[in-house]
Each structure stands twice: as C-alpha cells, then as structure tokens.
Amino acid sequence: MAKDLAVDFAIDPAAVGLFGSMYFYAYAMAQLPVGVLVDKWGIRNTSSLFILLAGFATFLFGMAHSFSVALTARFFVGLGVAFMYVPALRMLADWFRKDEYSTYSGILVGVGNLGALAASAPLALLIVAIQWRNTMVLIGGVTIIIAILLFIFVRNKPEDINGASVEEIEKAPPRIVVKVRTVDAIKVLFSKYNFWTILIFFFIWIGTLFAFQGLWAGPYLTNVFQLSQTQASNILMLIAVGAIVGCPLSGYLSDKVIKSPKKVILVGMSCYIVVWLIFVLFTGTLSLNMIRILMFLFGLFGYSQVVVWANLKENVDIVMLGTASGIVNFFGFTGAAIYQQVLGLIITKVTGETAASTVLGFRISFVFCLISLVAGLAFYITQKEKPRETI
C-alpha cells in the first residue's frame, strides 16, 4: 500500500517511512502500560478495550484526507493492537504447562502470520477491487466485531470457568503470588544482565524483521526488479508462509527436542543473518525464483526467534512476566520504528535518477541491517545460563 499512500498524500519515501514507523512508535509506547494493565486488569478487559480502539482508528484512517490525520489514525491503530500480544503471552503462561510454552507461543505467532499472509496478495487484490480507503473501513468494522467477541468469550484463567490451574494439572505446589510494585519490578529486571541480552537482541531482530517485511520489501521488489504491486505481494506472501512453518517448528524444537530456547535462537539467528548476507551481495541481480526462496527462508528463520519469549520466561519470575514482556516488546517495536525510518532515510539519500543508485540505496540499507544483526547476536551469545524459574 506504500505506493497508494505516496500518491494520495503526495509524500516521499522518508515520509512513507515515518508513516510506517508511527504504528511502531505507538506500539512501543504502550508496552510498559500493557504489561502493568495485564497484571492488574486481566487479559479480557485489557485486550477487548484496546482492540476496540484499533478498530475505530482503522476506520478513521480509511476516511482520512490529509497526511496528518492519517498519521494520527495510524498512531492509534498501533496503540490499540499493542494490547493484544503481551496479554496473549500471559494467557499461555496461565493456561498451559511449562513444557508447552514454546510450542504454543510458536503457534500463536504462526497463526498471527496468517494475518500477514492476508495482508500481502489478498489485501492487494481487495485494494484493487474496492480501493484502499474502503478496504480500511471494512477492516475497521471487522476489528470492532472481534473486540466485542473477545470480551464475550475470553476468560483470564482456567479457574474463571472452574477449570484446573496449571499447578493442579502438573501436580505442583500452588503458585505463591507475591505482589510486586511496578517500580520495584522494573528495577529488578533492569539490574539483570540476562534481561539486557534479551532486550538488545529483540530490538535488533524485530527492527530488521518488521522494517523489511512491514514496509521496505515491497518497494525493494517494485523499484529494483520492476515488479507490479500484485507480483510483489504474491512473492511477499512467502515470508508469512515461512513464518507459519517456522514459528511452531521452533517452539516444538525448543520444548521437545533441543529443550533450550537459547540454542534454537542461536541457530535460527545465524541462518537469518545468512539470508541478509545474500541480499547484500546480490541486491539487484537475484532471479525471481531465488527471491522466492529467500523470502520463504526470511520468514522461516526470521520468525524462529519467537522462542525468545520462552527464554524470557526462563529468566523472569512469573509475577513480573507481564511487565517484563511489555518492556521487551517496547524495545522491539521501538526498533521496528527506528529501522523503518533509518532505512527510509538511507534509501532517500542514496537513490537518484538511475537504476544503479536505486540498487545502491537498498544495498546500503541492507548492510546496515546485517551489521547490526551480527552485533546483536554476538551480545546475545554472552547470556549466562540460569535456572528456569527465576533470574
């Protein structure tokens, strides 16, 4: 949809980058509050209220006739959907056994990527059929319905429907819940070295992943390889396909085979870096079949890092998990916003009138991603082995 926005609002690539990043700035800003609210309000109330906000904001975006209104709507869409993922992770912790957490968190993100799949070729076809504004109004209406259904049917814990708790199923001692002030929890978390390795890793991983998949992969294909928007969308679907495969697979490997989230992350991240290296070396000379393969591998290995949530759960006391997840997500989506803008600035600065300059602009932006990924992996490797329950 980047081209449609550029035409309708008469904006350059840097402004498109700002528009894309606005969602992630809002998402990032919400992450500490979402962790606190999930711990205080519960999953049901928190998620349904803010998904409702996202629905109304998407409706507003479809009706926007100025760039400033579109930016504002984009911000509130990001703010609303920010209150979905962390509550879902908390729900997994409350509803499933410890040795199932990686598997189900992988399935969660895999299913989420069905949305990314729908946002590629199917969304492009819908936009062609009814225009992007009507598409956004339709999506806004569907989102409002989802928020209402979520409030009606979702419950916070098994005990809310007279079900057995995780501790009862595992025949473990009842969980002793000690209330911790948010300020104290933040101090404890930021004092831990392992927590910092996760934060920095997540900032770079999500930054590169969402900057490419969420914004710049489409312009890369249309500007460097002269593909149509529909052709590019069809290829970009393969990222989501790879993610749908990679997320549950990495979760299963972490829980049942390798039994170490960190080791799964190290292997997956190394392969993800190789994919970026190929993009750097052959930015403008890849065949379409090779691009298809790389897009699938980008999703397969890029999303294998989803087991970072199991790695976080190993290193954080359960009473701080909501807050910790919010902080980690804040770093990740701040990274997404920053990387989207930085890549936009690089591409705008370097790209000129010639095809060679266009290729160079994307190559330099890819080099930036590659270098930061190598640095992030090097830091993550230093994470110290800790017991599974607490830091």
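The rules behind these values
- Residues numbered from 1 in each chain as written.
- Predicted model: local features only at pLDDT ≥ 70, side-chain atom pairs only at ≥ 80, totals over all residues.
- Heavy atoms only, no water.
- Helix = DSSP H or I, 4+ residues; strand = E, 2+ residues; numbered from the N terminus.
- Rg over C-alpha atoms; globule rule 2.2 N^0.38 Å.
- Buried < 20%, exposed > 50% of the residue type's maximum accessible area, 1.4 Å probe, protein only.
- Contact = heavy atoms within 4.5 Å.
- Areas by Shrake-Rupley, 256 points an atom, 1.4 Å probe, with all protein chains shown as cover.
- Lys, Arg positive; Asp, Glu negative; His and termini not counted.
- Charge placed at Lys NZ, Arg CZ, Asp CG, Glu CD.
- Phe/Tyr/Trp six-rings, centres within 6.5 Å; stacked < 30°, edge-to-face > 60°.

Q: Can you lay out the overall build of the protein chain for me, pointing to particular residues and giving the numbers?
A: Counting its secondary structure elements, the protein chain contains 17 helices and 0 strands. By the compact-globule yardstick of 21 Å for 391 residues, the protein chain fits well, its C-alpha radius of gyration being 21 Å. Seen through its principal axes, the protein chain has C-alpha atoms that stretch 65 × 45 × 35 Å. Within the protein chain, the proportion of its 391 residues that are buried is 51%. Sequence separation of at least 24 residues holds for 83% of the intrachain contacts in the protein chain that already meet a minimum separation of 6. Taken as a whole, the protein chain presents about 17000 Å² of accessible surface, with 70% of it coming from carbon and sulfur. Of the charged side chains in the protein chain, 27 are positive and 19 negative; the average position of the first set lies 3 Å away from that of the second.

Q: A description of the packing of aromatic side chains should follow, citing residues and the corresponding values.
A: Across all of its chains, the model carries 39 aromatic pairs by this definition. Arranged with centres 6.1 Å apart and planes meeting at 50 degrees, the rings of F9 and F67 form a pair that is tilted. Of this pair, F9 sits in helix 1 (residues 2-9) while F67 sits in helix 5 (residues 67-81), and the two are 58 residues apart along the sequence. Ring centres 4.9 Å apart and planes at 45 degrees place the aromatic pair F212 and F298 in the tilted group. Separated by 86 residues along the polypeptide, F212 in helix 11 (residues 193-224) and F298 in helix 14 (residues 288-302) bring together distant segments of the chain.

Read these as geometric descriptors, not functional statements.
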